[in-house]
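# Understanding the architecture of this molecule
Chain by chain, the residues:
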Amino acid sequence: MNSSSSLLVLGVTGQVGKLVANNLKRTGANFSVGSRRKANLEELADHFGASRFIDLDDPRTFDEALKNIPGIFLITGYTVDMLVQSKSLIDAAKRNGVNHIVHLGVFSREHDAYATVFAWHQMIEAYLRDSGVAWTNLHPNMFMQNFLSVWSIKGGLYSVYTSKPIGFTALEDVAEAAAVILKEGPGKHGGRDYWFSADVLTPHRVAEALTAATGRKFTAALALVFLAYAPVGGGRNCV
């Protein structure tokens, strides 16, 4: 199920990784998708063309998975495990001659950001910059798709943690950019940080947009329960 030499896309069972892989497939790129579930490898290979077994919690699987891999799309889950997963994968990438890692991070322009997941991503990015492997960091702001998942819209009321304008982007835009960056490689994109925040709206403007799009009346309200967890400088939830 391995191909001889191909890009490697992680996270294809999630929304972002799957969109990245679909974009690469549409453009005829040579790539493999990684999975920790051996039972899924054949199905993934049938759909995307090639698959590789890799378990981010088991670095012993990395060397085989990274053979003849020039570039990686790196995405992890939102737990503290992402620190060890990313560090050990970066180490293995350097050891195996991978020459480009495209990392999906968060929208945090403040160096002293203290929200937990922001700090974790900043630590990963600092290690990646010092690794000797060419890198590109993607920094999406709030995903529009969160309106239908983790954000609360009930009975026409849009509840949000801040009254300030928030930048939004779409999963599809970030994934399309990631696929292009992977294909074009580090010669064009190495050492670059790309920020995604296409539409900046206040909560009331969001409510107005929802009203216009659906024909139903929406209003916005500040959910005080979220204030203690509001990130500095924007952010995103993992989807």
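The shown structure was predicted, so the numbers you read here are calculated from the model rather than taken from an experiment.

Thresholds, definitions, all that
Residues numbered from 1 in each chain as written. Predicted model: local features only at pLDDT ≥ 70, side-chain atom pairs only at ≥ 80, totals over all residues. Heavy atoms only, no water. Core = buried A, V, L, I, M, F, W, Y, C linked by side-chain atoms within 4.5 Å. Buried < 20%, exposed > 50% of the residue type's maximum accessible area, 1.4 Å probe, protein only. Helix = DSSP H or I, 4+ residues; strand = E, 2+ residues; numbered from the N terminus. Contact = heavy atoms within 4.5 Å. Pairing = 2+ DSSP bridges. Axes fitted to C-alpha atoms, helices over the stretch in contact; angles between N-to-C directions. Expected span 1.5 Å × (residues − 1). Arc of directions from axis to C-beta.

## Some points on the nonpolar core
Counting residues in each nonpolar core, the largest one holds 46 residues, and the members touching the most others are Phe 73 and Leu 138. Ranked by the residues each element gives to this core, the list is headed by helix H6 (residues 171-184), at seven residues. Those residues in contact with Leu 138 that sit more than four places away from it in its chain are Phe 73, Val 102, His 103, Leu 104, Gly 105, Val 106, Val 174, Ala 178, Ile 181, Tyr 194 and Phe 196. Within the second largest apolar cluster, eleven residues are counted, among which are Val 160, Phe 168, Val 206 and Ala 220.

## Focus: the sheet that holds strand E3 (residues 51-53)
The strand order across the open sheet formed by seven strands is E3-E2-E1-E4-E5-E6-E11, and the pairing between neighbours is parallel. Each edge of the open sheet is held by one strand with a lone partner, namely E3 and strand E11 (192-196). Strand after strand, the sheet turns through a mean of 20° between neighbouring axes, direction not considered. Packed onto the sheet, helix H1 (residues 15-26) meets strand E1 (7-9), strand E2 (31-35), strand E4 (71-74) and strand E5 (100-104) and runs at close to 150° relative to E1. Across the sheet, H6 is in contact with E1, E4, E5, strand E6 (135-140) and E11; its angle to E6 comes to roughly 175°.

## What about H1?
In this model H1 runs 16 Å from its N-terminal to its C-terminal C-alpha over twelve residues, within 8% of the 16 Å that 1.5 Å per residue would give. When we look at burial in H1, the residues that qualify are Val 16, Gly 17, Val 20, Ala 21, Asn 23 and Leu 24. One face of H1 carries all of its buried residues, which in axial projection span an arc of 160°. Looking at the buried positions of H1, the neighbouring elements they touch are E1, E2, helix H2 (41-48), E4, E5 and H6.

Taken by themselves, the reported measurements are silent on function.
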